[in-house]
Amino acid sequence: MLDRPVTTLDAAERRGPAKPNLLSVEDAKAMPVETMADLFKSHINPGQFHFMKLLGFHKVKIERAEGMFYTDQNGRKILDFFGGFGSLAHGHNHPRVLAARERFQEEKRHEIAIAFLSQYAAALAKNIAACSPGELDMVFLGSTGSEAMEAAIKVAERASGRKNCKVVHAENSFHGKSKGVLSITDSTLYQGEFKLVDNRVKVPFGDLEALKRAVENDRDIGVVVLETVQGGGGIIGAPTEYWQGVRALCDRHGVIWVADEVQCGYGRTGRFYAFEHHGVVPDVTALAKSLGAGKAAVGAMIARRDVYMKAYGSPKTAMIHAQATFGGIGEACVTAIEGLNVLYDEDLIGNSADTGAYLLARLKTIQAKYPTIIKEVRGQGLMVGLEFQDFSRTLPLALRPMVAMLDDKLKGSLSGFIGALLLRDYDVLVAFTEYNRNVIRLEPPLICGEEHVDQFCDALDDLLGRGIVAIVKDFVKSQLG
Ligand SMILES: Cc1ncc(COP(=O)(O)O)c(C=O)c1O
């Protein structure tokens, strides 16, 4: 029962400010695609809109999302091989996840878990610990991958025991855009000209000797942070010897190893964590993206108990980095609890391994058919990178002036053209890669079946069959028209 009725007051009865001109939920739902585009430009990011328009994405308004597909305003079904950069393991709107959220709402459960403990946050932390190997038992709950990684760096820095602790990170790393982790995100674009934390040391990814040299020559290095598979870098992994070397090196020097599994974790590569392929366990790790089961914003830092206790184990240190306002919020936790249960009940990790192997095999066949277009196919499970040859030099001379008219971002990059045409002509969505514009990232939901792989691969095969000249001409024409 509400303790006061909901009413819409007349202006004369009002004691507070007049209601501004607000759109309602129904207004948002019914908004034409052009209005949506105008409001994005006016109030969110006009520069980003420029890129959406280059790729033709500004003409799409999504009305529904279910399983492997989006449905747009014209009833067109779009196959999702992007998967929100790995945020949609369960597919869109998984019925069990929706039902758990509805029950939680009907029961009018509490959301903010600051004043009272939360049974849901406690259960989620227990579940995450149960999914994590070794002594990865202590869980910090937040809302994003960046927040989880901030927590990871902080717990590691304190546990390292170094007074002037330095953090090693890798070339082409991506750990988020909040100011702390931005310092170890290797992108001049994202780093802008911000004043960053300077206690960092950069090494090439996958180069054990370089890491050894760094750690052995600088006793202040107390933390090593690495994505197990670099996502933003273009789906780049490293061999088992590297990871076992990282573990041994960190053990030898009392350095804390933080594995960023925000993108590659949660079953994406065919194991719950990607590091499990290599028989090693880090000291600290982080999850986000699919942890929210495609419906909620949830991130988690998971630390070995002794590491956590060293950093925040006493009543005096406990509140140095306790969870923020939305950490462990009710419905997000319920969503994540149900999501983890679905992940195992439906064997989505097994499916990721099997369907991922099928996808890789089909893509390798396509690569063999178009070796002058596809340079490499790589990945594991349903985390796959498709790297195109740099065509800016191989393109026939006659077409080069045409390409020169395009935006700088697109000039050397086939992936933009191919992504745009896959959406326009084949109803397939793929993801681009921040640091390597020649790479398309394929991270479909882990519910993906062979029939979806076939739909995607048939579309790609047909598009590439048009030949590079036709693809470039067609794309450039779409820009000019
Ligand atoms: C490896 C990795 N770490 C951290 C992040 C940051 O996550 P979020 O965007 O949720 O802050 C991302 C996001 O793409 C990521 O891929």
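Note that the coordinates shown come from a computational prediction; the quantities given were computed from them, not determined experimentally.

What counts and what doesn't
Residues numbered from 1 in each chain as written. Predicted model: local features only at pLDDT ≥ 70, side-chain atom pairs only at ≥ 80, totals over all residues. Heavy atoms only, no water. Near = heavy atom within 4 Å. Polar contact = N/O pair within 3.5 Å; in protein donor to acceptor, adjacent residues only side chain to side chain. Areas by Shrake-Rupley, 256 points an atom, 1.4 Å probe, with all protein chains shown as cover. Nonpolar A, V, L, I, M, F, W, Y, C, P; charged D, E, K, R; others polar. 1 Å grid on protein atoms, 1.4 Å probe; cavity = no way out; pocket = protein on both sides within 12 Å on 5 of 7 lines; lining within 4 Å. Points joined across faces, edges and corners; volume = space filled by probe spheres on them. Helix = DSSP H or I, 4+ residues; strand = E, 2+ residues; numbered from the N terminus. Core = buried A, V, L, I, M, F, W, Y, C linked by side-chain atoms within 4.5 Å. Buried < 20%, exposed > 50% of the residue type's maximum accessible area, 1.4 Å probe, protein only. Contact = heavy atoms within 4.5 Å. Pairing = 2+ DSSP bridges. Axes fitted to C-alpha atoms, helices over the stretch in contact; angles between N-to-C directions. Expected span 1.5 Å × (residues − 1). Disulfide = S-S within 2.5 Å. Arc of directions from axis to C-beta. Left-handed = near helix turned anticlockwise from the far one by under 90°.

(A) View of the site of the ligand. Looking at the ligand, the residues that line it are Thr-144, Gly-145, Ser-146, Phe-174, His-175, Gly-176, Glu-227, Asp-260, Val-262, Gln-263 and Lys-289. At a separation of 2.8 Å, an oxygen atom of the ligand approaches a polar side-chain atom of Gln-263. Burial of the ligand by the protein amounts to 81% of the accessible area it has alone, namely 390 Å². Split by residue class, the shell around the ligand holds two nonpolar, six polar and three charged.

(B) Representation of the layout of surface pockets. Here the second largest pocket is characterised by a volume of approximately 620 Å³. Contributing to the lining of the second largest pocket are 24 residues, with Leu-117, Ala-121, Val-139, Ala-322 and Gln-323 lying nearest its centre. Broken down by element, the lining of the second largest pocket gets its largest block of residues, five residues, from strand 4 (residues 136-142). Here the lining of the second largest pocket is composed, by residue class, of 19 nonpolar, four polar and one charged.

(C) Spotlight on the nonpolar core. Grouped together as the largest cluster of nonpolar side chains are 105 residues, with contacts concentrated most on Phe-81, Ile-128, Leu-211, Leu-363, Ile-418, Leu-422 and Phe-456. Once residues lying within four places of it in the same chain are set aside, the contact partners of Ile-128 are Val-139, Leu-141, Tyr-273, Leu-287, Leu-291, Ala-300, Ile-302 and Leu-340. In terms of nonpolar packing, the next biggest core, distinct from the first, is built from 28 residues, Met-149, Val-223, Ile-256 and Ala-311 among them.

(D) Here's a closer look at the sheet that holds strand 14 (residues 431-432). Read across the sheet, four strands follow the order 11-12-15-14 without closing on themselves; strand pairing throughout is antiparallel. At either margin of the open sheet sits one strand with a lone partner, and together these are strand 11 (374-380) and strand 14. Sheet topology note: the strand 11/strand 12 (residues 383-388) ladder contains six bridges and is antiparallel. Bridging across to strand 12, Val-377 finds its partner in Leu-386. Each of strand 11, strand 12 and strand 15 (439-442) is contacted by helix 14 (residues 348-369), which is oriented at about 170 degrees to strand 11, the strand it contacts most. Lying over the sheet, helix 16 (residues 414-426) contacts strand 12, strand 14 and strand 15, oriented at roughly 45 degrees with respect to strand 15.

(E) Spotlight on the pairing of strand 15. Side chains Val-439 and Arg-441 of strand 15 all project onto a buried face; the interleaved residues Ile-440 and Leu-442 project onto the opposite face, where all are buried too. Where strand 14 and strand 15 come together, two bridges link them in antiparallel fashion. Within strand 15, the position partnered with Phe-432 by the bridge is Ile-440. As consecutive antiparallel partners, strand 14 and strand 15 are separated by six residues.

(F) Fine view of the environment of Gly-237. For Gly-237, the location among the structural elements is in the loop between strand 7 (221-227) and helix 11 (240-253). Separated by 166 residues in sequence, Gly-237 and Val-403 have C-alpha atoms that sit 32 Å apart. Not counting the four nearest positions on each side in its chain, Gly-237 is found in contact with Phe-205, Thr-228 and Val-229.

(G) Region of interest: the pairing of strand 1 (residues 62-66). Where strand 1 meets strand 2 (residues 69-72), four bridges bridge the pair, whose relative direction is antiparallel. Residue pairing for strand 2: Arg-64 is matched across the bridge by Thr-71. From the end of strand 1 to the start of strand 2, which pair antiparallel, there are two residues, and Gly-67 there has a positive phi angle of about 60 degrees.

(H) Focus on helix 11. Along its 14 residues, helix 11 runs 20 Å from first to last C-alpha, staying within 8% of the 20 Å computed at 1.5 Å per residue. Considered for burial, the residues of helix 11 that qualify are Tyr-242, Trp-243, Gly-245, Val-246, Arg-247, Leu-249 and Cys-250. Just beyond helix 11, the residue with positive phi is Gly-254, at close to 60 degrees.

(I) Here's a closer look at the state of the cysteines. Taken as a whole and assessed by the stated rule, the structure comprises zero disulfides. Cys-264 takes part in no disulfide bond, and the closest cysteine sulfur, belonging to Cys-131, lies 15 Å away.

(J) A look at helix 5 (residues 95-106). In this model, helix 5 (12 residues) spans 16 Å end to end at C-alpha, consistent with the 16 Å of a helix rising 1.5 Å per residue. When helix 5 is considered as a whole, its buried residues turn out to be Val-97, Ala-100, Arg-101 and Phe-104. Projected onto a plane normal to the axis of helix 5, the buried residues spread over an arc of 95 degrees and lie on a single side. In helix 5, the exposed positions that point more than 90 degrees away from the buried face belong to Pro-95 and Glu-106.

(K) Structural view of the packing of helix 6 (residues 119-131) against helix 13 (residues 330-345). Interhelical geometry of helix 6 versus helix 13 gives an angle of 30 degrees and a closest axis separation of 9 Å. Relative to helix 13, the crossing made by helix 6 is left-handed. Of the residues in helix 13, those touching helix 6 at Tyr-120, Ala-121, Ala-123, Leu-124, Asn-127, Ile-128 and Cys-131 are Gly-330, Cys-333, Val-334, Ala-336, Ile-337, Leu-340, Asn-341 and Tyr-344. When grouped by side-chain class, the residues that make up the contact of helix 6 with helix 13 number 12 nonpolar, three polar and no charged.

(L) Representation of empty space enclosed by the protein within the structure. In this structure the tally under the stated criterion is one cavity of 30 Å³ or more. Volume-wise, the largest cavity comes out at about 40 Å³. Lining the largest cavity we find Leu-141, Gly-142, Ala-297, Val-298, Phe-326, Gly-328, Ile-329, Ala-332 and Cys-333. Elements with a minimum of two residues in the lining of the largest cavity: strand 4 and helix 13. Here the residues of the lining of the largest cavity are counted per class, giving seven nonpolar, two polar and no charged.

(M) How the structure looks around the sheet that holds strand 1. The mixed open sheet is built from four strands, whose spatial order is 1-2-3-13. Each edge of the open sheet carries a strand with a single partner, namely strand 1 and strand 13 (428-429). Bridge count for strand 2 against strand 3 (residues 77-80) is three bridges, and the pairing is antiparallel. Across the sheet, residue Thr-71 finds its bridge partner in strand 3, namely Lys-77. Sitting on the sheet, helix 17 (residues 450-465) touches strand 2, strand 3 and strand 13, and the angle it makes with strand 3 is about 100 degrees.

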